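As a plain string of letters, each chain reads:
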Amino acid sequence: MAEPDTPPRTIAENRRARHDYFIEERLEAGLALEGWEVKAMRAGRAQLAEAYVYIRNSEAFLIGAHIAPLNTVSTHKIADPVLNRRELDHLTGAVERRGYTLVPLEMYWLRGRAKLQLGLAKGKQKHDKRATEKDRDWQRDRARLLRRG
């Protein structure tokens, strides 16, 4: 009998990425973790705020993610994300030739495994950020006006 599909449980989210980047494509990567990292993530001690993804020698590495160790476990290893070869080649081409950035968007549990959602993104300029904020404010005001009357 197959496992019922359960919705992913969020571990950490990079909200700043949506503010700083235009996310053009989303990919899911598995994470290769040590035991202490899994325990710390289950305890909710992970952050993606300053993280980015770096590709080297056909491997993707999650840099700058903060997983705070629990006092009861070891802290001697750093986590690395794992993608398949075709996805890595596609991402490498986009990052090197077209000026894209790989940004971690969300870390979550899916069927007992840690996953990382990556975004292939282009950086926003200051005026783009202002336009996005203005549009978001208008949507909020419009919803408020519709509720009243």
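Up top is the structure these notes are about.
Residues numbered from 1 in each chain as written. Predicted model: local features only at pLDDT ≥ 70, side-chain atom pairs only at ≥ 80, totals over all residues. Heavy atoms only, no water.

**Things to note about the pattern of salt bridges**
The final tally for this structure, using the stated rule, is four salt bridges. Measuring nitrogen to oxygen at the nearest pair gives 3.6 Å for the salt bridge that ties Arg-15 to Glu-13. Glu-13 gets classed as partly exposed once you look at its relative accessible area, which sits at 35%. Measuring nitrogen to oxygen at the nearest pair gives 3.2 Å for the salt bridge that ties Asp-137 to Arg-140. Remark: Arg-140 and Asp-137 occur in helix H4 (residues 126-148); sequence separation between them is three residues, near one turn of the helix. Taking relative accessible area as the criterion, Asp-137 reaches 28% and is therefore assigned partly exposed. Assessed through its relative accessible area of 41%, Arg-140 is described here as partly exposed. (Salt bridge = Lys/Arg side-chain N within 4 Å of Asp/Glu carboxyl O. Buried < 20%, exposed > 50% of the residue type's maximum accessible area, 1.4 Å probe, protein only. Helix = DSSP H or I, 4+ residues; strand = E, 2+ residues; numbered from the N terminus.)

**Considering the environment of Leu-102**
Looking at the secondary structure, you find Leu-102 in strand S8 (residues 101-110). Given the relative accessible area of 3%, Leu-102 is considered buried. With 48 residues separating them along the chain, Leu-102 and Tyr-54 place their C-alpha atoms 7.4 Å apart.

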